[in-house]
Amino acid sequence: MDNPFFIQQYGGPEYFCDREDEVARLVESATNHRSVMLHSMRRLGKTGLIQHLQQQLTTRHKYTCIYLDVLDTESDEAFVSQFISACVRQLYKDQSNMLSKVTSFLGRYKPKFSIDTITGNPAIELDIQSQQEIDMSLEATFDLLRESKHPIHIAIDEFQQIGQYSSTRIDATLRKYISQSDNIQMLFSGSQRHLLLSLFNDPKKPMFGSVEQMELYEIPYAKYSEFINLMFSKGGKSIDDRVIHNILKWTKSHTFYTQYICNRLYALDKDVVEEVDLLRLQQQVFKEMQMTFLSYKNILSKNQYEVLKAIAKETSVRSVRAKAFTTKYGIASSTAQQSLDYLVDKEMVYEKLDENGSEYFVYDLFLSRWLEQVNH
Ligand SMILES: Nc1ncnc2c1ncn2[C@@H]1O[C@H](COP(=O)(O)OP(=O)(O)O)[C@@H](O)[C@H]1O
Ligand SMILES: [Mg+2]
């Protein structure tokens, strides 16, 4: 049997753990015509959740679902080209004359067809150059979407990317179409909180107050441990509850790291997975990542590296200027805050907000666990 722990993409409902409340909430939003902005830390499961949601919207609620990831777009023109490509690919999916349909519909934007080498899906690139072309091509596409017999769900992943364009009117443009199209619901998803929130929470921005917000958290312990147990036993393997407990403690239930460790443990040629297997794997992972982790010492200043290491050793920190912290780790208190700001900006440290203020921890869990145990 193939490895049931997916670490690159959505593997289908049988290999998906929980998220029932989240899916129910997102289905409820979509079917009641409310668009949503979904955010969380990286690798916690946003993209997986979107795929799972759209799978259910398609099979149970007869939606036409469109998904696009805009991480590699750098302008409104590129965004719109990608957006339209995703829409027509889905709308014309089952039609034998797809190419000629697209050509007659979008011919003026000189569509170029290719096959995505990774997914095997047809890809369409459009030559959109001006604001006028953006408006006209989008207008035509939304007309097409509005004609659909099925309700439509459009998920735009890594949406914070539009905050990196030199200038953008995408948010204003999409806002206009959201309010005009009752059969189209959108989901905006991303992980850079400050960028994403500034698009949605700034009263001066067009998206302000127009979409519901949802943060994704870790999968609950009981659900994850039951899932891990089930996946091993379905494959004719067994794993002790103690081992599962240790995995979830070590990965802090962060989805990607949990999936990754389980994937590697499952891949061992063993019927019974024991505590010693987990301990060996942890050392193995450190060994494999060591070169990358060691290179941070060269990239960062001494003080930045020391702050990073100290945060890892503490697991999490509320203030890097606190005397107890700087003294314990021999950190120059004058530059501690500056180092922290740099590490947060580079996404090496994650800033978690709660009612008591900010809490900081090392973003990459494997790096955090590695730093915890180094002496240099
Ligand atoms: N509920 C889940 N059950 C099992 N695997 C999941 C689940 N959610 C996400 N994953 C897997 O974990 C990995 C990281 O999740 P991903 O959705 O890519 O995170 P994000 O989009 O937040 O960065 C992916 O390989 C994904 O398939
Ligand atoms: Mg993602």
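The rules behind the values
- Residues numbered from 1 in each chain as written.
- Chains lettered and ligands numbered in written order.
- Predicted model: local features only at pLDDT ≥ 70, side-chain atom pairs only at ≥ 80, totals over all residues.
- Heavy atoms only, no water.
- Helix = DSSP H or I, 4+ residues; strand = E, 2+ residues; numbered from the N terminus.
- Expected span 1.5 Å × (residues − 1).
- Contact = heavy atoms within 4.5 Å.
- Near = heavy atom within 4 Å.
- Polar contact = N/O pair within 3.5 Å; in protein donor to acceptor, adjacent residues only side chain to side chain.
- Areas by Shrake-Rupley, 256 points an atom, 1.4 Å probe, with all protein chains shown as cover.
- Nonpolar A, V, L, I, M, F, W, Y, C, P; charged D, E, K, R; others polar.
- Domains from an automatic or database assignment.
- Pairing = 2+ DSSP bridges.
- Axes fitted to C-alpha atoms, helices over the stretch in contact; angles between N-to-C directions.
- Buried < 20%, exposed > 50% of the residue type's maximum accessible area, 1.4 Å probe, protein only.
- Right-handed = clockwise from strand over helix to strand, strands pointing away.

Caption draft 1: Summary view of helix 1 (residues 20–31). In this model helix 1 runs 16 Å from its N-terminal to its C-terminal C-alpha over 12 residues, within 8% of the 16 Å that 1.5 Å per residue would give. Residues of helix 1 that are buried sit in contact with strand 1 (36–39), helix 2 (46–61), strand 5 (152–157), strand 6 (184–190) and strand 7 (212–215). One or two steps after helix 1, the chain reaches His 33, where phi turns positive at roughly 65 degrees.

Caption draft 2: Local environment of the site of ligand 1. Of all residues adjacent to ligand 1, which total 21 residues, the nearest are Ile 7, Arg 43, Lys 46, Thr 47 and Gly 48. Within the side chain of Gln 259, one N or O atom sits 3.4 Å away from a nitrogen atom of ligand 1. Within the complex, 91% of the 550 Å² of free accessible area of ligand 1 lies under protein. Within the residue set of the shell around ligand 1, elements represented by two or more residues are helix 2 and helix 10 (255–267). Looking at the shell around ligand 1 residue by residue, the classes come out as 10 nonpolar, seven polar and four charged. Two domains each put at least three residues into the shell around ligand 1: domain 1 (19–215) and domain 2 (219–289).

Caption draft 3: Geometry of the sheet that holds strand 7. If you walk across this open sheet you meet the five strands as 2-5-6-1-7, and the pairing is parallel. For this open sheet the edge positions go to strand 2 (64–69) and strand 7, each flanked by a neighbour on one side alone. Neighbour-to-neighbour, the strand axes of the sheet open up by a mean angle of 15 degrees, direction not taken into account. The strands touched by helix 3 (residues 76–91) within the sheet are strand 2, strand 5 and strand 6, with strand 2 carrying the most contacts at an inclination of about 150 degrees. Sitting on the sheet, helix 7 (residues 193–201) is in contact with strand 1, strand 6 and strand 7, with an inclination near 165 degrees to strand 1.

Caption draft 4: A look at the pairing of strand 3 (residues 112–115). Pairing geometry for strand 3 and strand 4 (residues 122–125), over four bridges, is antiparallel. For Lys 112, the partnering residue across the bridge sits in strand 4 and is Glu 125. Hairpin connection of strand 3 to strand 4: six residues between the antiparallel strands, including Gly 120 at a positive phi of 80 degrees.

Caption draft 5: Looking closely at the pairing of strand 5. The buried fraction of strand 5 is high, at six of six residues. Of the pairings in the sheet, the one linking strand 2 to strand 5 comprises six bridges and is parallel in character. The residue of strand 5 that forms the bridge with Leu 68 is Ile 156. Across five bridges, the pairing between strand 5 and strand 6 is parallel. Across the sheet, residue Ala 155 finds its bridge partner in strand 6, namely Leu 187. Taken together, strand 5, helix 6 (residues 170–180) and strand 6 form a β-α-β motif whose crossover is right-handed.

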